[in-house]
Amino acid sequence: MSHCQQRCKRQLGRVIRFFYQFVTGTLSQDSVEDEFELSTVCHRPEGLEQLQEQTKFTRKELQVLYRGFKNECPSGIVNEENFKQIYSQFFPQGGECPSPSLSPYTWVPLQGRGSHSTPHAVCLPADSSTYATFLFNAFDTDHDGSVSFEDFVSGLSTILRGTIDDRLNWAFNLYDLNKDGCITKEEMLDIMKSIYDMMGKYTYPAMREDAPREHVENFFQKMDRNKDGVVTIEEFLESCQKDENIMRSMQLFDSVI
Amino acid sequence: MQKLRWNCSDSQQVPAAPPASPPVTRPGLVMAAGVAAWLPFARAAAIGWMPVANCPMPLAPTEKNKRQDELIILNVSGRRFQTWRTTLERYPDTLLGSTEKEFFFNEDTKEYFFDRDPEVFRCILNFYRTGKLHYPRYECISAYDEELAFYGILPEIIGDCCYEEYKDRKRENAERLMDDNDSENNQEGSMPSLSFRQTMWRAFENPHTSTLALVFYYVTGFFIAVSVITNVVETVPCGTVPGNKELPCGERYAVAFFCLDTACVMIFTVEYLLRLFAAPSRYRFIRSVMSIIDVVAIMPYYIGLVMTNNEDVSGAFVTLRVFRVFRIFKFSRHSQGLRILGYTLKSCASELGFLLFSLTMAIIIFATVMFYAEKGSSASKFTSIPASFWYTIVTMTTLGYGDMVPKTIAGKIFGSICSLSGVLVIALPVPVIVSNFSRIYHQNQRADKRRAQKKARLARIRVAKTGSSNAYLHSKRNGLLNEALELPGSTEEEQHMTKGTSLIESQHHHLLHCLEKTTNHEFIDEQLFEQNCMESSMQNYPSSRSPSLSSQAGLGSSCCSRRHKKSAHLPNCSVPATRLRSMQELSTIHIQCSEQPSLTTSRSSLNMKADDGLRPNCKGAQITTAIISIPTPPALTPEGESRAGPGSPGPATNVPNVVKVSAL
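Just so we're clear, the structure is a prediction, and the values are computed from it rather than from any experiment.

Quick word on the overall build of chain A
Looking only at helices and strands, chain A features 11 helices and 4 strands. Of all 257 residues assigned to chain A, the portion counted as buried reaches 40%. Here the analysis covers contacts within chain A between residues at least 6 apart in sequence; of these, 62% occur between residues at least 24 apart. If you sum the accessible surface of chain A, you get close to 14,200 Å²; carbon and sulfur atoms cover 54% of it.

If you want it as structure tokens, here you go:
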């Protein structure tokens, strides 16, 4: 009853306000200020020294990283939308091609066709948003829905300056979508699909529907020692350390920054 | 398993296809500013691909000389901007992002110096910083465009916030330039190769081109006025006739009016036929509005002639006479304002249509309401809804004749609402039409003003040009006389001369001098050239001399005597003939092939050839060299004269004509 009363009162107030405005000739935009709320939030990172202690970056590197970060996200934090948008600029998406100067470091696709290694030559409708979401969740260590500069830099520090084991741990964390300590086939399938999505539709040879699934099977065959359908962190670390390719590729990150 | 795409051995067997074409350098259009800064992050994020990959990864590119990011200073006309090098390198297709900026590097101050506008540079640097290019409204559009072109930035990347404004200004500017070009083309002075038909058309379109056109223009205008006035006066009652009947003037003086009408129609017909003949595209001319008005104006007369005084058709005939009033529209050829009004109405057609439509709606609504409101009252004039239309229209336009008034209270209330709403409905579209008219009218005025300004500007440019050419001739005269003298006293004059002329000027003059030497011709100014032409045409007989020449020749002869006292150089001995010529550039040189033997000893080979060729060509032309005015010490004159006298064939032969090379 009181709820109805409240609603009636509110409606009445609105009607009276409307007539008042009608008579005096005020526009509806004039009375909007009271509903305005400050929606911008500003986040400042901790001091440079603290970050230097926490991460393995030098002072200069931190400065460069922060400048780039702040330029793109003046409010100091990245939310998921921003993150996806930033990441999508590195991958051809929706027909837009990145400038050739943008990607000096291109991953040769597994299919190995020369024309695809230069992104500007072909515009592929790819979708990197799913993978970006997974990345976001991996960077957002405190799970508050936003990535601050500290999260950003600590993640980068692990990947670029950490030991091989650190890196493998971080990768495992990325794959483990629900953070329960083991990777199931479904999780791996999601990850694989997201990676294949980034390739887009126009690939050589043509992308098959079951390509991710086959890849996942292959992965599990390699990683899952005890064949229990999940890959735990120990299995993962063990199998990766045995694989030469993976170990070598992990060392690529030393020279990124 | 062999078919699996990720089987590395398979993929390695596939030969890498060569790149289809050289990479298209897309200008960095869609690159966001911070993206390059986030590249390390993207590369780090690739860690997720490593464990699932089955193939070895390619080697990462290494930075050969890993330069720490440094601040670079950009000095733009004194204002220093500083930014990181990587900021500029975000857009490597531009001047600042590529190695092109090294051309502007100043070693002494270790900064990049650009001699450009610092205000615009601010916007351009902001583009590098934020990835968005803005267009400042206070900036001139062409200046901005030039700066963008200089820095190698395409205007298409202007951000959405400023793009509309930029495009509008650019379009305005382009229209203005096109306008200028059009008016230039229209007013090209004398196009001698116009056919008669084209001249006639031009005369019709622009009456100011010739007096005949102007006369024609005024005559037609006068006759249009006469015709309109006769139409009006025809109907005025003109006194009585026996029989107590008031007759309009048209019937009383029928013959006079008929003659007047005939005369007018004759003129109009002739004009129409002439225009039809002269029109570049007759079909288009026939379809044009003005020609239709012309036809409509004169048709009733001819139809009246053709038709007899048949009673049946006389009614129709009378109606046709109404069309004679269209003659007044012919005035629009004579009045710019009328044309603008017509054009405005045409361009506001949609607003007018809206006005009409809304009015019609309101009329119908109110007429219905009034009819039903007044239905009850007795002896009401509102007999039907269409009858109420008249009341509604008169009320809405606030005329209020008073022939129909509502009597019931309801009728009066609705009547007042009707008149209030009428004011609103009519007042709304009118400002749009007014603003359109004002815009078009001012555009026209601006066009006229621009044309006038352009004339003044061209005149100024012409004056400046002749000034500079005079400067060249003046300095040439001074400088070369000094050279020819090789007198010790000439150094002061040289210094004096160099004081007067800057380095650039002297270099420019040297350039022109080289051209003269190359072509063996000389620059002279226009008046001299005219004189030359005139005098050469007067020189028909070898013996005759124009009085001016004789006086000059006398001067020469008097100087010649002086010459003999001095030990002058042999004519042409060490002085190339061209210099001689240039010394005399202010003199009128008349070419005459003389029978004098050529002085072979002291003539340069150039002269010889020319002489041989020239001999047969010009017979009967007299060579006279005379110095008209030389503001130099008289000692010079004998020098000049000496070369003039016996050496006359020499210089003359080098100059078959004194060629006027166009103004500098």
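There's more to say after this.
Here we look at the overall build of chain B
A count of helical and extended segments in chain B gives 26 helices and 8 strands. Counting every position in chain B, which comprises 664 residues, the buried fraction comes to 38%. Counting contacts in chain B only where the partners sit at least 6 residues apart, residues at least 24 apart contribute 68% of the total.

Comments concerning the pattern of salt bridges
Residue and element names in this part refer to chain B. Scanning the model with the defined rule gives 27 salt bridges over all chains in all. Taking the shortest distance from any N to any O, the salt bridge between Glu111 and Arg80 comes out at 3.1 Å. Of this pair, Glu111 sits in strand β4 (residues 111-114) while Arg80 sits in strand β2 (residues 79-84), placing them 31 residues apart in sequence. Given a relative accessible area of 5%, Glu111 falls into the buried group. Across the pair Lys330 and Glu271 runs a salt bridge, and its minimum N-O distance is 3.6 Å. Note that Lys330 is positioned in the loop between α13 (311-322) and α14 (336-347) and Glu271 in helix α10 (residues 254-278), a separation of 59 residues in sequence.

Some points on the environment of Leu237 of chain A
All names here are of chain A. Within the element layout of this structure, Leu237 appears in helix α10 (residues 233-242). A residue is classified by how much of its surface remains accessible, and Leu237, at 19% relative accessible area, is buried. In this structure the C-alpha to C-alpha distance between Leu237 and Asn169, which are 68 residues apart in sequence, comes to 7.7 Å. Among residues more than four places away in sequence, those in contact with Leu237 are Asp165, Leu168 and Asn169.

Regarding unusual backbone geometry
Residues and elements named next belong to chain B. One non-glycine residue with positive phi stands out, namely Ser77, at about 50 degrees. When you line up the elements, Ser77 lands in the loop between β1 (71-76) and β2. We classify Ser77 as partly exposed; its relative accessible area is 36%. Positioned with a positive phi, Lys110 is a non-glycine residue whose angle comes to about 55 degrees. Summarising the element assignment, Lys110 is placed in the loop between β3 (105-106) and β4.

Examining the packing of helix α5 (residues 129-139) of chain A against helix α8 (residues 185-199) of chain A
Residues and elements named next belong to chain A. For the pair α5 and α8, interaxial distance at closest approach is 7 Å and the crossing angle is 130 degrees. It follows from the interaxial angle that α5 and α8 lie oblique. For the pair α5 and α8, contact is made by Thr130, Tyr131 and Phe134 and by Asp190, Ile191, Ser194, Ile195, Asp197 and Met198, respectively. Taken together, the residues of the contact of α5 with α8 sort by class into 5 nonpolar, 2 polar and 2 charged.

A short note on a nonpolar patch on the surface
Residues and elements named next belong to chain A. A cluster of nonpolar side chains, contributed by Val15, Phe18, Phe19, Phe22 and Val23, occupies part of the molecular surface with about 580 Å² of accessible area. Among the secondary structure elements, Val23 is positioned in helix α1 (residues 2-24). The exposed category is assigned to Val23, whose relative accessible area is 66%.

With respect to the packing of α8 of chain A against helix α9 (residues 211-223) of chain A
All names here are of chain A. With their axes 9 Å apart at the nearest point, α8 and α9 run at an angle of 130 degrees to one another. It follows that α8 is oblique to α9 by the angle criterion. Where α8 crosses over α9, the two elements pack in a sense that is right-handed. Of the residues in α9, those touching α8 at Lys185, Met188, Leu189, Met192, Lys193 and Tyr196 are Ala211, Pro212, Arg213, His215, Val216, Glu217, Phe219 and Phe220. Classifying every residue of the contact of α8 with α9 gives 9 nonpolar, 1 polar and 4 charged.

With respect to the nonpolar core
Core analysis: the largest hydrophobic core is formed by 66 residues, its most contacted members being Tyr87, Leu135, Phe152, Met188 and Phe236 of chain A. Setting aside chain neighbours within four positions, we find Phe236 of chain A in contact with Leu168, Ala171, Phe172, Tyr175, Phe219, Met223 and Val231 of chain A together with Pro51 of chain B. Formed by 27 residues, the second largest nonpolar core is a distinct cluster that contains Val76, Leu95, Phe127 and Tyr144 of chain B.

As for the packing of aromatic side chains
Tallied over the entire structure, the rule returns 47 aromatic pairs over all chains. On the basis of an interplanar angle of 70 degrees and a centroid distance of 5.3 Å, the ring pair of Phe83 of chain A and Phe136 of chain A is categorised as edge-to-face. With a gap of 53 residues between them, Phe83 of chain A in helix α4 (residues 80-88) and Phe136 of chain A in helix α5 connect regions that are remote in the sequence. Here Phe83 of chain A matches Phe136 of chain A in class, with each residue buried. Geometrically, the ring pair formed by Phe150 of chain B and Tyr151 of chain B is edge-to-face, given 5.0 Å between the ring centres and 90 degrees between the ring planes. The class for Tyr151 of chain B is buried, based on a relative accessible area of 0%. A network of ring pairs unites the aromatic residues Tyr66, Phe69, Phe83, Tyr87, Tyr131, Phe136, Phe139, Phe149, Phe152 and Trp170 of chain A together with Phe41 and Trp49 of chain B as a single cluster. Lys101 of chain B extends its terminal NZ or CZ atom over the ring of Tyr112 of chain B, reaching a point 6.0 Å from the ring centre.

Here's the deal with α4 of chain A
Every buried residue belonging to α4 of chain A is among Phe83, Ile86, Tyr87 and Ser88 of chain A, and all of these are buried. Elements in contact with the buried residues of α4 of chain A: α3 (59-72), β1 (77-79), α5 and α8 of chain A together with α2 (39-45) of chain B.

What to know about the side chain of Glu187 of chain A
Residues and elements named next belong to chain A. Mapped onto the secondary structure, Glu187 falls in helix α8. Of the side chains with opposite charge, Lys179 comes closest to the buried, unpaired Glu187, at an N-O distance of 8.2 Å. Beyond its immediate sequence surroundings of up to four residues, Glu187 is in contact with Tyr175, Asp176, Leu177, Asn178, Asp180 and Cys182.

What about the confidence of the model for chain A?
Per-residue confidence for chain A gives a mean pLDDT of 79, with 80% of residues at or over 70. Considering only residues more than four positions removed or in separate chains, one finds that residues 94-124 of chain A, a stretch of pLDDT under 50, has 73 contacts.

Quick look at a positive patch on the surface
Together, Arg7, Arg10, Arg14 and Arg17 of chain A make up a positively charged patch on the protein surface. With respect to the helices and strands, Arg17 of chain A occurs in helix α1.

Some remarks on the sheet that holds β3 of chain B
All names here are of chain B. The mixed open sheet is built from 4 strands, whose spatial order is β2-β1-β4-β3. With partners counted over all chains shown, the strands left at the sheet margins are β2 and β3, one partner each. Both β3 and β4 contribute to a ladder of 2 bridges, which runs antiparallel. Paired with Phe105 across the two strands is Tyr112, which belongs to β4.

Here is what the cut-offs are and how they apply
Residues numbered from 1 in each chain as written. Chains lettered and ligands numbered in written order. Predicted model: local features only at pLDDT ≥ 70, side-chain atom pairs only at ≥ 80, totals over all residues. Heavy atoms only, no water. Helix = DSSP H or I, 4+ residues; strand = E, 2+ residues; numbered from the N terminus. Buried < 20%, exposed > 50% of the residue type's maximum accessible area, 1.4 Å probe, protein only. Contact = heavy atoms within 4.5 Å. Areas by Shrake-Rupley, 256 points an atom, 1.4 Å probe, with all protein chains shown as cover. Salt bridge = Lys/Arg side-chain N within 4 Å of Asp/Glu carboxyl O. Axes fitted to C-alpha atoms, helices over the stretch in contact; angles between N-to-C directions. Parallel < 35°, antiparallel > 145°, perpendicular 65-115°, else oblique. Nonpolar A, V, L, I, M, F, W, Y, C, P; charged D, E, K, R; others polar. Patch = residues over 30% accessible without salt bridge, like charges linked within 9 Å, V, L, I, M, F, W, Y side chains within 5 Å. Left-handed = near helix turned anticlockwise from the far one by under 90°. Core = buried A, V, L, I, M, F, W, Y, C linked by side-chain atoms within 4.5 Å. Phe/Tyr/Trp six-rings, centres within 6.5 Å; stacked < 30°, edge-to-face > 60°. Lys NZ or Arg CZ within 6 Å of the ring centre and 35° of its normal. Lys, Arg positive; Asp, Glu negative; His and termini not counted. pLDDT = per-residue confidence, 0-100. Charge placed at Lys NZ, Arg CZ, Asp CG, Glu CD. Pairing = 2+ DSSP bridges.

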